[in-house]
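Below, each chain spelled out in residue letters.
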Amino acid sequence: MPIEFSLTADQEAFRDAARTFLAKEVAPIVPEMDEKEEFPRASVKRMQEEGYFGIPVPEEYGGLGLGKVGYCLFLEELGRVDASHGTIVGAHTSLGTTPLLSYGTEDQKKRWLAPSARGEKLLAFSLTEPGSGSDSGAVHTVAEKSGDGWTITGNKIYVSNGREADTVVLMAANDVKLGPNGGVTAFLVDTNQQGFAVGRCEKKMGLHGTSTAELILDHVEVGPDRVLGEVGKGFHVAMTALDVGRVSLGAASLGGMQAATEQALEFSKNRTQFGLPISEYEAIQFKLADMAMKISALRYLVYHAAAHQDRMGADPKGWSRLERVEKTREAATVKCLGSEWASEVIDEALQIHGGLGYIRGTPIERAYRDARISEIFEGTNEIQRLVVARDLLSRGL
Ligand SMILES: Cc1cc2nc3c(=O)[nH]c(=O)nc-3n(C[C@H](O)[C@H](O)[C@H](O)COP(=O)(O)OP(=O)(O)OC[C@H]3O[C@@H](n4cnc5c(N)ncnc54)[C@H](O)[C@@H]3O)c2cc1C
């Protein structure tokens, strides 16, 4: 059986069109966005108009229908240009549209998925709380039954797109004592609902174009039509979203690594010291070689995992137990290695730039600040290692 890793002509055409679009519409605004720490509304709107906020969503629900492979191709291209835009698209698509597609009713798909995929609504995903980070099943935002609906009260933190979103896929506890095993439910909360407020927005080391917001829920009333998936099964909903998010984060890391390596390669050929371009020195060549090797290896991991998710389809009812655990382990592997290799590659690229790499406003300096979070969000890399180790101990290699 041959192992086939090539892209179709349509996938290549999509990637090339995305590259051209991003070079024209996104790249030029990034330095100012980073400096002013502003959400890039105009470029986000242009991306929404092009359908880039619904890439893996089937066409019948307003998306481009290009699957996880198409989505990763786009995030790889976006990662070459800017990590903030990548995070905005990722929070919306991986973490917002995935749970709607996999667990939404037909009515929820019409009301929330289709407008989100068409770019008319922006989504966010809210799991983290002040007391619940890595221990993400320990949700304390409470959903109390009221009539046939629910009243949600509590505080969420660190929500990407939280300040701008129209709707939040939000995890609340239907039973705090049960935790992830029956005690967490996913809700669709519109941000214009009574009792919903955006609190503190964090100042950050990087990702200056994204909001990282606190959400305050003070007796927000939601009907039964806003329960996403089954009551008590919200942790599964969240983990399904994160499996997609972790692979796409690997794709964005891949893009960031490529941009940094291309910049370092170019710089090394043009920077002369001791009478020679620094690219002539073996110490620099070995750095560049190591960077290129990591890029090659990550590309296989990302697209292998994305193609596997495409083959599995979006309906969790069709997934065997083995497929689920393999998918989760692959996603953890891609996320963990991708984010660490991105940090290493970008650090080496900065080193090759010498003092210039440390100067505020250079692309490599921004990339260095932006990359670090990928080792932390969507589950820290310690948690990814726990996921892999648990599966290793139960199933072996
Ligand atoms: C910029 C940004 C954007 C974010 N976006 C979102 C978002 O959109 N939605 C959302 O819900 N959340 C979001 N987060 C939250 C993010 O996912 C969490 O910060 C992350 O999961 C870690 O949780 P924590 O910060 O509470 O750290 P903690 O869980 O307190 O961890 C602290 C340290 O302890 C380690 N640790 C914890 N438990 C163990 C263990 N059992 N074994 C070994 N080590 C352990 C961790 O790995 C880490 O190194 C975002 C965070 C940031 C900074």
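Going by the structure above, here's the rest.
Summary of the structure given here. (Residues numbered from 1 in each chain as written. Predicted model: local features only at pLDDT ≥ 70, side-chain atom pairs only at ≥ 80, totals over all residues. Heavy atoms only, no water.)

1. Observations concerning the pairing of strand β7 (residues 212-222)
Here is step 1: Relative to β7, strand β3 (residues 149-160) is paired through eight bridges, and the arrangement is antiparallel. Bridge pairing in β7 links Val-159 to Ala-213.
Here is step 2: Pairing geometry for strand β6 (residues 196-201) and β7, over four bridges, is antiparallel. By the bridge assignment, Phe-196 is partnered in β7 with Leu-217. (Pairing = 2+ DSSP bridges. Helix = DSSP H or I, 4+ residues; strand = E, 2+ residues; numbered from the N terminus.)

2. Some words on the site of the ligand
Here is step 1: By nearness alone, 18 residues border the ligand, and Thr-128, Ser-134, Tyr-158, Thr-380 and Glu-382 come closest of all.
Here is step 2: A distance of 2.8 Å is found between an oxygen atom of the ligand and a backbone nitrogen or oxygen belonging to Leu-127.
Here is step 3: One of the side-chain N or O atoms of Ser-134 is found 2.6 Å from an oxygen atom in the ligand.
Here is step 4: If the ligand stood free it would expose 980 Å²; the protein chains cover 64% of that surface.
Here is step 5: Counting residues per element, the ones that place at least two in the shell around the ligand are β1 (123-126), β3 and α11 (381-395).
Here is step 6: Among the elements that take part in the shell around the ligand, β3 stands out by supplying three residues, more than any other.
Here is step 7: When its residues are assigned to classes, the shell around the ligand shows eight nonpolar, seven polar and three charged. (Near = heavy atom within 4 Å. Polar contact = N/O pair within 3.5 Å; in protein donor to acceptor, adjacent residues only side chain to side chain. Areas by Shrake-Rupley, 256 points an atom, 1.4 Å probe, with all protein chains shown as cover. Nonpolar A, V, L, I, M, F, W, Y, C, P; charged D, E, K, R; others polar.)

3. Some words on the packing of aromatic side chains
Here is step 1: Counted by the stated rule, this structure contains five aromatic pairs.
Here is step 2: Ring geometry for Phe-5 versus Tyr-300: centroids 5.0 Å apart, planes at 65°, classification edge-to-face. Of this pair, Phe-5 sits in the segment before α1 (9-25) while Tyr-300 sits in helix α8 (residues 282-312), placing them 295 residues apart in sequence.
Here is step 3: Seen from their ring centres, Phe-14 and Tyr-52 are 6.1 Å apart, and the 65° between their planes marks the pair as edge-to-face. Of this pair, Phe-14 sits in helix α1 while Tyr-52 sits in the loop between α3 (41-49) and α4 (67-81), placing them 38 residues apart in sequence. Per residue, the accessibility class of Phe-14 equals that of Tyr-52, and both read buried.
Here is step 4: Taken together, the aromatic side chains of Phe-14, Phe-21, Tyr-52 and Phe-74 make up a single cluster linked through ring pairs. (Phe/Tyr/Trp six-rings, centres within 6.5 Å; stacked < 30°, edge-to-face > 60°. Buried < 20%, exposed > 50% of the residue type's maximum accessible area, 1.4 Å probe, protein only.)

4. Let's talk about unusual backbone geometry
Here is step 1: Positioned with a positive phi, Tyr-158 is a non-glycine residue whose angle comes to about 55°.
Here is step 2: Structurally, Tyr-158 is set in strand β3.
Here is step 3: Not every positive phi belongs to a glycine, and Glu-378 is a case in point at roughly 60°.
Here is step 4: Here Glu-378 shows up in the loop between α10 (363-371) and α11.

5. Some points on helix α6 (residues 106-117)
Here is step 1: Among the residues of α6, those classed as buried are Gln-108, Lys-109, Trp-112, Leu-113, Ala-114, Pro-115, Ser-116 and Ala-117.
Here is step 2: In this structure, the buried residues of α6 make contact with α5 (83-103), β1, β4 (167-173), β5 (184-190) and β8 (227-228).
Here is step 3: One or two steps after α6, the chain reaches Gly-119, where phi turns positive at roughly 90°. (Contact = heavy atoms within 4.5 Å.)

6. Quick word on the layout of surface pockets
Here is step 1: Roughly 550 Å³ of volume is contained in the second largest pocket.
Here is step 2: As for the second largest pocket, its lining consists of 23 residues, and the residues nearest its centre are Glu-4, Phe-5, Ser-6, Leu-7 and Tyr-303.
Here is step 3: Sorting the residues of the lining of the second largest pocket by element identifies α1, α4 and α8 as the ones contributing at least two each.
Here is step 4: The element contributing the most residues to the lining of the second largest pocket is α8, with seven residues.
Here is step 5: Tallied by class, residues from the lining of the second largest pocket come to nine nonpolar, five polar and nine charged. (1 Å grid on protein atoms, 1.4 Å probe; cavity = no way out; pocket = protein on both sides within 12 Å on 5 of 7 lines; lining within 4 Å. Points joined across faces, edges and corners; volume = space filled by probe spheres on them.)

7. Thoughts on the side chain of Glu-340
Here is step 1: Here Glu-340 is to be found in helix α9 (residues 321-352).
Here is step 2: The class for Glu-340 is buried, based on a relative accessible area of 18%.
Here is step 3: Excluding its chain neighbours within four sequence positions, the residues that come into contact with Glu-340 are Glu-375, Asn-381 and Arg-385.

8. Here's the deal with the side chain of Ser-343
Here is step 1: Among the structural elements, Ser-343 can be located in helix α9.
Here is step 2: There is a polar contact of 2.5 Å between the side chain of Ser-343 and the side chain of Glu-375.
Here is step 3: What Ser-343 contacts, discounting residues up to four positions off in sequence, is Ala-371, Arg-372 and Glu-375.

It is worth stressing that arrangement in space is one thing and function is another; only the former is reported here.
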